[in-house]
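Given next are the chains, with one letter for each unit.
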Amino acid sequence: SSRTVFLLSQLQKINLDSVLGAPDNARCVTSKILHLVQSQEKTRKEITSKGSTGIDVILSTLEVKSFKSCSYGLIAVLHFIVMKCGGRRGSIIVTKGGTQILLQLLLTASKDPAPNEELMVLLHTLLAKIGPKDKKIGMKARINGALNISLNLVKQNLHNFRLVLPCLQVLRVYSTNSVNAVSLGKNGVVELLFKIIGPFSKKNTSLMKVALDTLAALLKSKTNARRAVDRGYVQVLLAIYVDWHGHDSRHRYMLIRKGVLQCIKSVTNIKLGRKAFIDANGMKILYNTSQDCLAVRTLDPLVNTSSLIMRKCFPKNRLPLPTIKSAFHFQLPVIPASGPVAQLYNLPPDVDDVVDESDDNDDAETESEIETENDDDKDQCFKNDDIETDINKLKPRQELGRSIEELKMYEQFFPELSETFQEWDLVSKEPKPFVPDANLSRPIVVPTASEE
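Residues numbered from 1 in each chain as written. Predicted model: local features only at pLDDT ≥ 70, side-chain atom pairs only at ≥ 80, totals over all residues. Heavy atoms only, no water.

An unreviewed UniProt entry lists the chain under the name CBPC1 carboxypeptidase, from Daphoenositta chrysoptera.

This next bit is on the environment of Phe277. Inspection of the secondary structure puts Phe277 in helix α18 (residues 271–279). Taking the C-alpha atoms as reference points, Phe277 and Gln235, 42 residues apart in sequence, are found 7.4 Å from one another. For Phe277, the contacting residues outside a window of four places in its chain are Val234, Leu238, Ile264, Thr268, Gly282, Met283, Leu286, Ile309 and Cys313. (Helix = DSSP H or I, 4+ residues; strand = E, 2+ residues; numbered from the N terminus. Contact = heavy atoms within 4.5 Å.)

Let's shift gears to a nonpolar patch on the surface. A cluster of nonpolar side chains, contributed by Leu400, Ile404, Leu407, Met409, Tyr410, Phe413, Phe414 and Leu417, occupies part of the molecular surface with about 860 Å² of accessible area. Here Leu400 lies in the loop between α23 (391–394) and α24 (404–407). (Patch = residues over 30% accessible without salt bridge, like charges linked within 9 Å, V, L, I, M, F, W, Y side chains within 5 Å. Areas by Shrake-Rupley, 256 points an atom, 1.4 Å probe, with all protein chains shown as cover. Salt bridge = Lys/Arg side-chain N within 4 Å of Asp/Glu carboxyl O.)

To continue, consider the packing of aromatic side chains. The way to describe two aromatic rings as a pair is by their centre distance and the angle between their planes. Within this structure, the stated rule accounts for four aromatic pairs. Note on Phe200 and Trp244: the rings are 4.9 Å apart at their centroids and 70 degrees apart in plane angle, and the pair reads as edge-to-face. In this pair, Phe200 sits in the loop between α13 (189–196) and α14 (205–218) while Trp244 sits in helix α16 (residues 233–247), placing the two residues 44 residues apart along the sequence. The exposure class assigned to Phe200 is partly exposed, which follows from its relative accessible area of 22%. What makes Trp244 buried here is its relative accessible area of 1%. Members of the aromatic cluster, connected to one another through ring pairs, are Phe200, Trp244 and Tyr253. (Phe/Tyr/Trp six-rings, centres within 6.5 Å; stacked < 30°, edge-to-face > 60°. Buried < 20%, exposed > 50% of the residue type's maximum accessible area, 1.4 Å probe, protein only.)

Counted under the stated rule, the structure contains 10 salt bridges. Asp134 is the salt-bridge partner of Lys140, the closest N and O atoms lying 2.9 Å from each other. Using a relative accessible area of 22% as the deciding quantity, one classes Lys140 as partly exposed. A relative accessible area of 8% means that Asp134 is categorised as buried. Across the salt bridge formed by Lys275 and Asp279, the nearest N and O atoms sit 3.1 Å from each other. Of this pair, Lys275 and Asp279 both sit in helix α18, separated by four residues, roughly a single helical turn. The class of Lys275 is exposed, set by a relative accessible area of 51%. The exposure class assigned to Asp279 is exposed, which follows from its relative accessible area of 57%. Salt bridges here are not isolated pairs; linked through shared partners, they connect Glu117, Glu118 and Arg162.

Since the α-helix turns once every 3.6 residues, residues separated by three or four places project in the same direction. For helix α2 (residues 23–39), spanning 17 residues, the distance from its first C-alpha to its last is 24 Å, which sits close to the expected 24 Å at 1.5 Å a residue. Those residues of α2 that fall on the buried side of the exposure criterion are Ala26, Val29, Thr30, Ile33, Leu34, Leu36 and Val37. For α2, the arc enclosing every buried residue in end-on projection is 165 degrees, short of the 170-degree limit, so these residues lie on one face. (Expected span 1.5 Å × (residues − 1). Arc of directions from axis to C-beta.)

It is worth spelling out α16 at this point. Under the 1.5 Å per step criterion, the end-to-end length of α16 is 21 Å for 15 residues, consistent within 8% with the ideal 21 Å. Within α16, burial applies to Tyr233, Val234, Leu237, Leu238, Ile240, Tyr241, Trp244 and His245. Down the axis, α16 shows its buried residues gathered within 160 degrees of arc, on one side only. Within α16, the exposed residues directed more than 90 degrees away from the buried face are Gln235 and Gly246.

The subject of this paragraph is the environment of Ser52. Counting through the fold element by element, Ser52 comes out in the loop between α3 (41–48) and α4 (54–62). Spatially, the C-alpha atom of Ser52 lies 9.1 Å from that of Val5, the residues being 47 residues apart in sequence. Residues within four places of Ser52 in sequence aside, it is in contact with Glu46 and Ile47.

With that settled, consider the side chain of Asp248. Note that Asp248 resides in the loop between α16 and α17 (254–267). The class for Asp248 is buried, based on a relative accessible area of 3%. Within polar-contact distance, the side chain of Asp248 engages the backbone nitrogen of His251 at 3.1 Å. Not counting residues within four places of it along the chain, the set of residues in contact with Asp248 comprises Tyr253, Met254 and Arg257. (Polar contact = N/O pair within 3.5 Å; in protein donor to acceptor, adjacent residues only side chain to side chain.)

Written out as structure tokens, the structure reads:
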């Protein structure tokens with residue numbers, strides 16, 4: 001009934017018919033569909049409407065290897081639909097198996113001696129857009145062998161910001177998977193990202209923001225965090241934060257400054273990171289920068305994140321604190337002659353009892369981060385053992401405030417609770433025998449004429 005439906009049906013016939021299924025015919029129909037999608041909103045709605053097979057036809061055409069010449073046009077159609085019609089269309093592509101097809105296309109395109117840059121940009125942009133809607137995209141990319149394609153593209157085109165930006169967006173999606181984060185870290189992604197991020201510059205701030213978000217996701221892995229600490233990147237991050245804080249006087253790049261703090265927060269999750277933060281004078285740096293941000297309400301996220309980092313890295317002490325680093329001195333009323341408390345009070349004033357028992361074995365043990373395919377299902381089925389689920393135990397027990405013997409004194413005020421009411425026979429003046437009614441829980445009392 002419309003030109004869009006006609007073109008989609010024609011494309012479907014080309015897929016099925018070996019005579020009509022020539023690459024030139026498919027490319028011609030694809031260019032017409034792309035023109036309609038870019039020029040008419042009605043066409044985009046028809047392709048993605050409920051009951052339409054437009055997405056299925058496009059994805060099935062992308063799976064035909066002989067139609068390689070029209071892949072760019074079909075991916076451009078999907079990209080334009082997702083960018084213009086919102087995230088719901090991205091979910092439709094995911095549910096129809098689009099993620100697997102796009103990853104396979106990415107793997108095929110990377111094998112060319114000279115990969116098409118435009119195709120790579122479109123593929124990565126589309127994957128970055130629909131990737132967060134697919135919980136299994138990290139595992140699918142690892143199984144298909146497409147995990148290191150984006151990383152290699154960044155290594156080979158480090159100064160091509162137009163290609164590096166969507167590649168980093170895809171790496172950020174991959175890094176949410178712990179196994180992928182470790183694998184990418186072993187291939188040098190942490191060192192590569194520190195070549196992209198740097199001191200204050202107004203050029204390519206969007207690339208800087210994406211690189212910091214990707215780095216923060218990667219540093220959540222303890223293996224990558226140790227690698228960053230061993231190479232002295234904690235001090236580098238603090239220097240970058242101070243530089244952006246000093247130059248961003250108009251607070252236009254608050255998201256970049258917050259991205260640096262997120263990286264520091266991820267590194268300080270391990271004991272080595274906290275020690276490196278203290279050694280780099282991080283407490284003083286974050287405290288002074290936070291004091292400068294207090295007067296501006298829009299910088300509250302920076303103050304909050306800095307406070308979390310400082311609280312996490314501040315040395316932990318046992319109570320009571322008898323040393324000079326304590327703001328208060330709690331004198332116990334009774335101090336035993338021997339024991340840990342007496343040892344604390346006998347310490348010299350210049351000795352601080354610093355205790356950090358978290359991840360003590362991280363330096364000696366090699367971290368093994370193994371993921372199974374049903375990790376997400378386990379997370380969803382997680383049960384909190386502290387929550388009571390027995391209904392009988394949750395019901396409150398009704399206990400009387402007084403005993404039954406004490407309550408009998410009120411019996412005369414409420415005779416209806418204890419007396420049995422029966423119907424009287426008007427002739428014999430005697431109560432009729434009680435016959436319970438099956439439909440009523442109480443007998444029906446019919447008043448006599450004298451009572452009326």
